[in-house]
Amino acid sequence: SPGPDGAYYLTGTPIENGQPFFSSTIRIWRSSDLINWREVRTLHFEESYRSPELRYLKDTWWLALERGSGGTTLVKLTGDDPASADCEKQVITEFGITPSIFRDDDGKFFWILGGGKIARMNPNPLAGLVEEPRQIDVKIAGPHGQQREQRVLNLHGAHLAKIAGRYHLFISGRIKRNGLGRTG
């Protein structure tokens, strides 16, 4: 996520033996050139998380997390620098995976879950959702001829962005075409 200082910040799920796992430690890295990265902070929690997403929205850093015990959590990092910001944490849902937070042009916040569920949030996102999450109709982008006879399985990692005035839902999953499985 781009920060207010012109640098980029990232976080990620720990990997062990080629598999993601839940951890009570979340690391944040910074880069000014997207090539050289240095760790700027390690957050320690009592609970285990994975699939962290760090976003700078409305002058605030937000960290969306999937809980090891099930559900999702949002962490507010107050201040412009996530390396030294104070943290405030709140459970957002008791269900769902791979959460993401989105802020629209009108200032409204939305919580995106796993396979493309979306719900509007309170003006203060730590106050939770104002509606039940609803499924976004997911259509597969790609060559026109390849859209027949395919199903998407195990959708997760949904991320909503507004680019040139249009909403784009980025999502990962397993595409099944003519009986053949493929990650994409």
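Residues numbered from 1 in each chain as written. Predicted model: local features only at pLDDT ≥ 70, side-chain atom pairs only at ≥ 80, totals over all residues. Heavy atoms only, no water.

K.L.:
So what exactly am I meant to see when it comes to the environment of Asp-59 here?
P.N.:
Relative to the helices and strands, Asp-59 is located in the loop between strand E5 (38–57) and strand E6 (60–67). C-alpha of Asp-59 to C-alpha of Asp-80: the two residues are 21 residues apart in sequence and 7.0 Å apart in space. (Helix = DSSP H or I, 4+ residues; strand = E, 2+ residues; numbered from the N terminus.)

K.L.:
What should I look at first to understand the sheet that holds strand E12 (residues 134–135) in this one?
P.N.:
Within a beta sheet, neighbouring strands are joined by backbone hydrogen bonds and run either parallel or antiparallel to one another. The strand order E9-E10-E11-E12 describes an open sheet built from 4 strands, whose pairing is antiparallel. Edge positions in the open sheet fall to strand E9 (100–103) and E12, since each of these has one partner strand only. (Pairing = 2+ DSSP bridges.)

K.L.:
What is the right way to look at unusual backbone geometry in this model?
P.N.:
Backbone phi values are negative for most residues with the exception of glycine, while trans is the configuration of most peptide bonds. The residue Thr-98 is not glycine, and still its phi comes out positive at about 35 degrees. Turning to its location among the elements, Thr-98 is positioned in the loop between strand E8 (86–93) and E9. Despite not being glycine, Ala-164 has its phi angle at roughly 50 degrees, a positive value.

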